[in-house]
Structures are given as C-alpha cells and as structure tokens.
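Spelled out from the first residue to the last, the chains are:
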Amino acid sequence: MTVNRGNCVANAGSLTAINSLVCGGTSSGTVTVSATLNGGLVQPSGYSVLYLLAKGANHVIEQTSSAPTFTVADQEANYTIHTLVYDANPADKDYFDLSLIHTSVSKIGTLFN
C-alpha cells in the first residue's frame, strides 16, 4: 500500500456486473441491475462517489445513486453502470457541479467535455 500525502488523482476504478443478464417477467414490473467494485477506485480526501446508470448505445444517464444498484422497468434494454469520483466543494478548482447531470437527457460521453 502506498500513502500519498500530496494531490492524489481520482480514479473511478472498475465495476463488474453482478448478473450480465437479468431476466424479466416479474410481477412488480421492475428488475434490479447492479454491480460490485472490482478494484482501482481512488477517492481523494474530500471527494465523493456517485454511480450513474446509462441506457442504450448513446449512454443516456437514466439514474444516479450512492450505490451501484438500480431498479429499472422490466423491459428489454442495455444498461451500463459508471462510477463518478468528483469534488463537490464549489470553492475547489476541481469542483464538479452535479446539477449538470440531467437524467434522461445527459449522455456519459458529453457530460465531461
């Protein structure tokens, strides 16, 4: 283990799907898609972690959560869970304003450009 007292670079690490295929047909009309951390996460002091559920080939952000678990409609779709490690302090130079994320509109690829 390395301890860095300087500026650590945030790293989202990687996730592994708990089930790569979720079978529908539930009586509730919803299913759960989730992932587990697979290493590499670096969360510098003062930073936060948020998980983003993106849908389809365009990776439109459908939901956000503090855990990589989401409840979605029981219908055919492709989802990807992304990890966002961000600085939520507006006074810091690396601040990321979460109000930039508009569910069902924002796309993963354009959010950080």
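Refer to the structure printed above.
Throughout this description, residue numbers start from 1 for each chain and increase along the sequence as written. Local features in this predicted model are restricted to residues of pLDDT 70 or higher, and side-chain atom pairs are both shown and tallied only at a pLDDT of 80 or more, whereas totals for entire chains, interfaces and linings draw on every residue. Only heavy atoms go into the side-chain values, all of them from the structure, while hydrogens and water stay out.

Points about the sheet that holds strand β3 (residues 30–37)
We apply this condition: When DSSP finds two or more bridges between a pair of strands, those strands are recorded as paired. In this description a helix means any DSSP run of H or I spanning at least four residues, a strand means any run of E spanning at least two, and both kinds are numbered starting from the N terminus. For every element, the axis is a line fit to its C-alpha atoms; helices are fit only across the contacting stretch, and the angle between N-to-C directions ranges from 0 to 180 degrees.
With antiparallel pairing, the three strands of this open sheet are ordered in space as β2-β3-β7. On the outer flanks of this sheet lie β2 (15–17) and β7 (69–73), each paired with one strand and no other. Strand-to-strand, the axes of this sheet are offset by a mean angle of 30°, without reference to chain direction. Alignment of β3 against β7, held across five bridges, turns out to be antiparallel. By the bridge assignment for β7, V31 is matched with V72.

Section: the side chain of T83
Stated precisely, the cut-off is as follows: Each residue is placed in one exposure class: buried if its accessible area under a 1.4 Å probe, protein chains only, is under 20% of its type's maximum, exposed if it is over 50%, and partly exposed if it falls in between. Residue contacts are counted whenever heavy atoms from the two residues lie within 4.5 Å of one another.
Mapped onto the secondary structure, T83 falls in strand β8 (residues 79–87). Classification of T83 as buried rests on a relative accessible area of 16%. Leave out the neighbours within four places in its chain, and T83 touches A12, L15, L41, V49, L50 and Y51.

What is shown is where atoms sit, not what they do.
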